[in-house]
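Here is how the chains run, residue by residue.
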Amino acid sequence: MLRWTVIFIILAIVAGIFGFGGIAAGAASIAKVLFFIFIVLFLLSLIGGRRSI
């Protein structure tokens, strides 16, 4: 899942280089949302993986 975040961030950077239009703003917002979702999921998996029951 983190790979998708990196792909969208790279897409947002490339779109930003060509000019911030409708596509670039959409890609940047998608990248931001996915980045924060995956960071939360990553932290939850770290916390959940450390518990030994």
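Below or above, wherever it landed, is the structure these notes cover. The structure presented is a predicted model; accordingly, all values stated were derived computationally and were not measured.

Describing the overall build of the protein
Part 1: Each helix and strand in the protein was counted, giving two helices and zero strands.
Part 2: The buried share of the protein, reckoned over its 53 residues, is 17%.
Part 3: For the protein, the exposed area adds up to about 4,300 Å²; of that, 79% sits on carbon and sulfur atoms.

Quick look at a nonpolar patch on the surface
Part 1: Together, Ile9, Ile13, Ile17, Phe35, Phe36, Ile39, Phe42, Leu43, Leu46 and Ile47 make up an exposed nonpolar region whose accessible area comes to about 950 Å².
Part 2: Among the elements that line the nonpolar patch, the one with the most residues is helix 2 (residues 22-50), at seven residues.
Part 3: Here Ile39 falls in the partly exposed class, since its relative accessible area comes to 32%.

Cut-offs and rules
- Throughout, residues of each chain are indexed from 1 in the direction in which the sequence is written.
- For this predicted model, a pLDDT threshold of at least 70 governs which residues receive local features, and a threshold of 80 or more governs which side-chain atom pairs are given and counted, while totals over whole chains, interfaces and linings are taken from all residues.
- Processing note: side-chain calculations cover all non-hydrogen atoms of the structure and skip hydrogens and water entirely.
- A run of H or I in DSSP becomes a helix once it reaches four residues, and a run of E becomes a strand once it reaches two; helices and strands are each numbered from the N terminus.
- Each residue is assigned to one of three classes by its accessible area relative to the maximum for its type, calculated with a 1.4 Å probe on protein chains only: buried under 20%, partly exposed between the two thresholds, exposed over 50%.
- Using a 1.4 Å probe, accessible areas were evaluated by the Shrake-Rupley method; residue-level cover was limited to the displayed protein chains.
- In this analysis, a patch consists of residues with relative accessible area above 30% that form no salt bridge, clustered at 9 Å for like charges and at 5 Å for the nonpolar side chains Val, Leu, Ile, Met, Phe, Trp and Tyr.
- Every case where a carboxyl oxygen of Asp or Glu lies within 4 Å of a side-chain nitrogen of Lys or Arg is listed as a salt bridge.

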